[in-house]
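So the chains spell out like this:
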Amino acid sequence: MKARTCLAIVLAAGEGTRMRSARPKVLHTVAGQSLLGHVLTAVGAAGTTAIAVVVGPGQDEVAAEARRVLPGAATFVQRERRGTAHAVLAAKAAIAKQPDDILVVYGDTPLIRPDTLARLRAPLAAGAAVAVLAFRPADPTGYGRLITSGGELIAIREEADASPRERKIDLCNGGIMALAGKSALAILKRIGDDNRKHEFYLTDAVEIARGMKLRAVAVEAEEDDVRGINTKAQLAEAEAIAQARLRKAALDAGVTLVAPETVFLCADTKFGKDVVVEPYVVFGEKVKVEDGAVIRSFSHLVGAHVGKDVSVGPYARLRPGTRLGEGVHIGNFVEVKEAVVEAGAKANHLSYIGDASVGAGSNIGAGTITCNYDGSAKHRTEIGKNVFIGSNSALVAPVKIGEGAYVGSGSVITEDVPAQALALGRGRQVVKEGWAGRLRALKSLSKKKAHSED
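Keep in mind that this is a model prediction, so the values were computed, not measured.

Draft legend 1. Region of interest: the packing of aromatic side chains. If you walk through the whole model with that rule in mind, you get 7 aromatic pairs. Summarising the aromatic geometry, the rings of tyrosine 315 and phenylalanine 333 are spaced 5.0 Å apart at their centres and angled 15° between planes, so their arrangement reads as stacked. Placement of tyrosine 315 in the loop between strand E20 (311-312) and strand E21 (317-318) and of phenylalanine 333 in the loop between strand E23 (329-332) and strand E24 (335-341) is noted, with a sequence separation of 18 residues between them. Accessibility expressed as a relative area gives 48% for phenylalanine 333, which makes it partly exposed. Each member of the aromatic cluster is reached from another via a ring pair, and the members are Tyr280, Phe298, Tyr315 and Phe333. Positioned over the ring face of phenylalanine 264 is arginine 247, at 5.1 Å from the centre of the ring.

Right, here's the structure in full:
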């Protein structure tokens, strides 16, 4: 059977004045992703074949966000704000292509789920012309009521226009709607503005469809699916719900969250198997944690890739561009940014590693910093394999520390250090060629001698 085509129209033109913010409402974030980003991700996963985003005049940032999340999304401008049906018709050119299904979703409903949208589409395949997403709030005051009869939706009645009997109905309008593509334009064009605000309301589509002898139905969903954001308080409520969902998904996938309510996740956080996350950890966007890693308390990760069996924290900060190889240890009060730390390397205390590479098996002593910024440009520090950096050292980039080298404690390193050398940068830098190799050979000989005497 041929898959049904589906156009999703995402209405994102609202100014969101009640947010008390210069930022467009749909660009505020929940779980590290914009409200619009959440909606576009959901509709993209709901089997849609085309997406149209309706923005307001001058809302270039909103259009750019739509393209960032879904590069194939088309944008349309609603020049005047004259109601929801008027906003939908801003995408008339996309509607005219007559996809099988049309979803109308609001850009400020970040908790909508793909499976809910798929359920909303289902009645269209069975011949309905209009399907409305419904919910049953604890208190229906202020919501439009859905009038049903014999399994069909008769009308959507706004509370101000509802009779006392109708106000007792607890099935309410969630706003999100699906329309059959073949009849959508005919229905939308019949919607008028004969109301107190002289606006074109999408809710009128139900009665118009029935007047055309077409079927309309209601599809019930959870209240959270249709929860819209109009204020900062509602934004905080949505954040709490999103976090609860993400924590549950992580726990269900086998992640150990020692104190789940204290861990904050991002919508795109990815975990491997047997990961342990201690209390009070924050994950920003684009974080991946591989199998067996432990993220200790009070750590903050953004844009980082944490390899297998890595230990991070407590009180560690991983910034964008961080890549930690297998078995790496990043300890308390260590910050890593735009750096690759290879397998088995350690930076256990009070260090900054920025714009750098640290070779496998190297040890970064307490208080070590890579001085990557000269006031106008960033420079890189390259540390080879099995390097020992003594405590309280400053590596002034650009600089390279060769494989197996030693840097004495308290050094300021401004020149490259050859492999297997000792560098002492206390005042005048001293380099002793081959020193590190001789030291290791001597230690190895001493161990063998001690073992033979035993």
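Back to the text.
Draft legend 2. Here's a closer look at a nonpolar patch on the surface. A cluster of nonpolar residues, Tyr280, Phe298, Tyr315, Phe333 and Leu350, forms a patch on the protein surface that exposes about 540 Å² of accessible area. For tyrosine 315, a relative accessible area of 40% gives the class partly exposed.

Draft legend 3. A look at a negative patch on the surface. There is a patch of like negative charges on the surface, built from Asp274, Asp291, Asp309 and Glu326. Aspartate 309 gets classed as partly exposed once you look at its relative accessible area, which sits at 46%.

Draft legend 4. Region of the structure containing the pairing of strand E10 (residues 172-180). By the criterion of burial, E10 is predominantly enclosed, with 9 of the 9 residues buried. Pairing of strand E6 (residues 101-106) with E10, which is carried by 4 bridges, proceeds in the antiparallel orientation. Bridge pairing in E10 links aspartate 101 to alanine 180. As judged from the 5 bridges shared by strand E7 (residues 130-135) and E10, these two strands associate in the antiparallel manner. Residue pairing in the sheet places alanine 134 in a bridge with asparagine 173 of E10.

Draft legend 5. Geometry of the sheet that holds strand E30 (residues 388-389). Spatial strand order, E12-E14-E17-E20-E23-E25-E27-E30-E33-E35-E36: 11 strands in an open sheet with mixed pairing. Each end of this open sheet is capped by a strand with a single partner; those strands are strand E12 (256-257) and strand E36 (430-432). One ladder, built from 3 bridges, connects E23 with strand E25 (residues 346-349); its direction is parallel. Bridge pairing in E25 links histidine 329 to lysine 346.

Draft legend 6. Inspection of the environment of tyrosine 315 at higher detail. Considering only alpha carbons, one finds tyrosine 315 and valine 334, 19 residues apart in sequence, at a separation of 7.5 Å. For tyrosine 315, the contacting residues outside a window of four places in its chain are Ser297, Phe298, Ser299, Asn332, Phe333 and Val334.

Draft legend 7. Here's a closer look at the pattern of salt bridges. Under the definition given, this model contains 22 salt bridges. A salt bridge links glutamate 65 to arginine 68; the shortest N-O distance between them is 2.9 Å. Taken together, the residues glutamate 65 and arginine 68, both in helix H2 (residues 60-69) and 3 residues apart, mark about one turn of the helix. For glutamate 65, a relative accessible area of 12% puts it in the buried group. Using a relative accessible area of 52% as the deciding quantity, one classes arginine 68 as exposed. As a salt-bridge pair, arginine 145 and glutamate 159 come within 3.2 Å of each other at their nearest N and O atoms. With arginine 145 in strand E8 (residues 145-149) and glutamate 159 in the loop between strand E9 (152-157) and helix H6 (164-167), this residue pair connects regions lying 14 residues apart in the sequence. Relative accessible area serves as the criterion here: at 2%, arginine 145 is assigned to the buried category.

Draft legend 8. Seen up close, the nonpolar core. Judged by nonpolar contacts, the single largest core of 73 residues is most densely connected at Ile9, Val53 and Val130. With near-sequence residues (within four places) excluded, isoleucine 9 lies in contact with Ala52, Val54, Val88, Ala91, Ile95, Ile102, Leu103, Val104 and Val105. Core analysis: the next-biggest nonpolar cluster, separate from the first, contains 45 residues, Val255, Val334, Val336 and Val387 among them.

Draft legend 9. Broad picture of unusual backbone geometry. The omega torsion across glycine 313 and proline 314 is 5°, close enough to zero to call that bond cis. Structurally, the position occupied by proline 314 is in the loop between E20 and E21. The omega angle of the peptide bond from alanine 397 to proline 398 is 0°, so this bond is cis rather than trans. Relative to the helices and strands, proline 398 is located in the loop between strand E31 (394-396) and strand E32 (399-401). At arginine 20, a residue that is not glycine, the phi angle is positive and equals roughly 55°. The residue arginine 20 is located in the loop between strand E1 (6-11) and strand E2 (29-30) in this model. Located in the positive-phi region is leucine 350, a residue other than glycine, with phi close to 50°. Position of leucine 350 among the secondary structure elements: in the loop between E25 and strand E26 (352-358).

So, how was this worked out
Residues numbered from 1 in each chain as written. Predicted model: local features only at pLDDT ≥ 70, side-chain atom pairs only at ≥ 80, totals over all residues. Heavy atoms only, no water. Phe/Tyr/Trp six-rings, centres within 6.5 Å; stacked < 30°, edge-to-face > 60°. Helix = DSSP H or I, 4+ residues; strand = E, 2+ residues; numbered from the N terminus. Buried < 20%, exposed > 50% of the residue type's maximum accessible area, 1.4 Å probe, protein only. Lys NZ or Arg CZ within 6 Å of the ring centre and 35° of its normal. Patch = residues over 30% accessible without salt bridge, like charges linked within 9 Å, V, L, I, M, F, W, Y side chains within 5 Å. Areas by Shrake-Rupley, 256 points an atom, 1.4 Å probe, with all protein chains shown as cover. Salt bridge = Lys/Arg side-chain N within 4 Å of Asp/Glu carboxyl O. Lys, Arg positive; Asp, Glu negative; His and termini not counted. Charge placed at Lys NZ, Arg CZ, Asp CG, Glu CD. Pairing = 2+ DSSP bridges. Contact = heavy atoms within 4.5 Å. Core = buried A, V, L, I, M, F, W, Y, C linked by side-chain atoms within 4.5 Å.

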